[in-house]
Amino acid sequence: MRYAMVIDTLKCVGCSDCVVACQTENNVPIGYCRDWITETVNGAYPSIELELKSERCNHCDNAPCVRCCPTGASHQLDNGIVLVTADECIGCGACIESCPYDARYQHPDGYVDKCTFCHHRLEKGQLPACVSVCPTKCMYFGDLDDPNSEVSQLLKNRKHKTLAPEAGTKPQVYYLI
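Residues numbered from 1 in each chain as written. Predicted model: local features only at pLDDT ≥ 70, side-chain atom pairs only at ≥ 80, totals over all residues. Heavy atoms only, no water.

- Going by an unreviewed UniProt entry, the chain carries the name 4Fe-4S dicluster domain-containing protein and comes from Lutibacter aestuarii.

See below:
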């Protein structure tokens, strides 16, 4: 099994329900976030395009944050999820600097924190909080190793992109365009 997230940029309205759900589900301190909404404007009047995206840790197959962690606190599970073990993290910030997606932050308690794809919910058979609350149903989550999964089918049948492919990290968050 290899988990991935697919986000349909044509459906996202930038409401931030995913951000609030994540903060609530994961007790993220006020002023911090594990996911966020970006707004990109392309073109010039009268041909302007607006793209809204929910961004987070990309749970990369080739994760630089895992390679540079001096304690092994940043690690990758067999299913592709990248996690930080808080009590092993010394808060050095090497992983923060190595991430091309700016997806980690220094938690006030001294460790580095990030999106976990709500690993604790997945263990109970539930979807990540952000996916479960999206009012436009623009977020999908599943197993890329299953060719019949919804995420596999979406990537097979729709044009898509990843963020910063030139970084060589092989991100596992995909954006339908």
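1. Quick word on helix α6 (residues 150-157)
Line of reasoning, step 1. By the burial criterion, the buried members of α6 are Val151, Ser152, Leu154 and Leu155. Within α6, the buried residues cover an arc of 165° as seen down the axis, which keeps them to one side. Away from its buried face by more than 90 degrees, α6 exposes Glu150, Lys156 and Asn157.
Line of reasoning, step 2. Close packing links the buried residues of α6 with β1 (3-8), β8 (139-143), β9 (160-161) and β10 (173-176). (Buried < 20%, exposed > 50% of the residue type's maximum accessible area, 1.4 Å probe, protein only. Helix = DSSP H or I, 4+ residues; strand = E, 2+ residues; numbered from the N terminus. Arc of directions from axis to C-beta. Contact = heavy atoms within 4.5 Å.)

2. A word on the pairing of strand β3 (residues 47-56)
Line of reasoning, step 1. Sheet analysis places strand β2 (residues 35-44) next to β3, joined by ten bridges and oriented antiparallel. Across the sheet, residue Val41 finds its bridge partner in β3, namely Leu50.
Line of reasoning, step 2. Taking the residues that link successive antiparallel strands as the turn, the β2-β3 hairpin has two residues. (Pairing = 2+ DSSP bridges.)

3. Considering the state of the cysteines
Line of reasoning, step 1. Under the counting rule described, the total for this entry stands at zero disulfides.
Line of reasoning, step 2. Take Cys65: it sits in no disulfide, and the sulfur closest to it among the cysteines is that of Cys57, at 6.1 Å.
Line of reasoning, step 3. Cysteine Cys69 remains unbridged, with the sulfur of Cys95 as its closest cysteine sulfur at 6.3 Å. (Disulfide = S-S within 2.5 Å.)

4. Re the sheet that holds β10
Line of reasoning, step 1. If you trace the four strands from one edge of the open sheet to the other, you get β8-β1-β10-β9, paired in mixed fashion. Of all strands in the sheet, those bounded by a partner on one side alone are β8 and β9.
Line of reasoning, step 2. Sheet topology places β9 next to β10; two bridges connect them, and they run antiparallel. When the bridges of β10 are listed, Lys161 appears paired with Tyr175.

5. With respect to unusual backbone geometry
Most peptide bonds adopt trans geometry, and most residues besides glycine take a negative phi value.
Line of reasoning, step 1. In this model, Tyr45 is joined to Pro46 through a cis peptide bond whose omega is 10°.
Line of reasoning, step 2. Take Pro46: it is sitting in the loop between β2 and β3.
Line of reasoning, step 3. Positive phi outside glycine occurs at Lys170, with the angle close to 55°.

6. Overview of the nonpolar core
Line of reasoning, step 1. Within the largest apolar cluster, 38 residues are counted, with the highest numbers of intra-cluster contacts made by Met5, Ile7, Phe117, Met139 and Phe141.
Line of reasoning, step 2. Those elements that provide at least two residues to this core are β1, α1 (17-25), β5 (82-84), α3 (94-98), α5 (129-133), β8 and β10.
Line of reasoning, step 3. Residues contacting Ile7, with those up to four places away along its chain left out, are Ser54, Arg56, Cys138, Met139, Val173, Tyr174, Tyr175 and Leu176.
Line of reasoning, step 4. Grouped together as the second largest cluster of nonpolar side chains are nine residues, Val6, Tyr140, Leu144 and Val151 included. (Core = buried A, V, L, I, M, F, W, Y, C linked by side-chain atoms within 4.5 Å.)

7. Thoughts on the packing of aromatic side chains
Line of reasoning, step 1. Scanning all chains against the criterion turns up three aromatic pairs.
Line of reasoning, step 2. The interplanar angle of 75° and the centroid separation of 4.9 Å between the aromatic rings of Phe117 and Phe141 together place this pair among those described as edge-to-face. One end of the pair, Phe117, is in the loop between β7 (112-114) and α4 (119-122); the other, Phe141, is in strand β8, and 24 residues separate them in sequence.
Line of reasoning, step 3. Residue Phe117 is classed as buried on the basis of its relative accessible area, which comes to 1%.
Line of reasoning, step 4. A connected cluster of aromatic rings, assembled from ring pairs, spans Tyr3, Phe117 and Phe141.
Line of reasoning, step 5. Above the face of the Tyr175 ring, Lys53 is positioned so that its terminal group lies 6.0 Å from the ring centre. (Phe/Tyr/Trp six-rings, centres within 6.5 Å; stacked < 30°, edge-to-face > 60°. Lys NZ or Arg CZ within 6 Å of the ring centre and 35° of its normal.)

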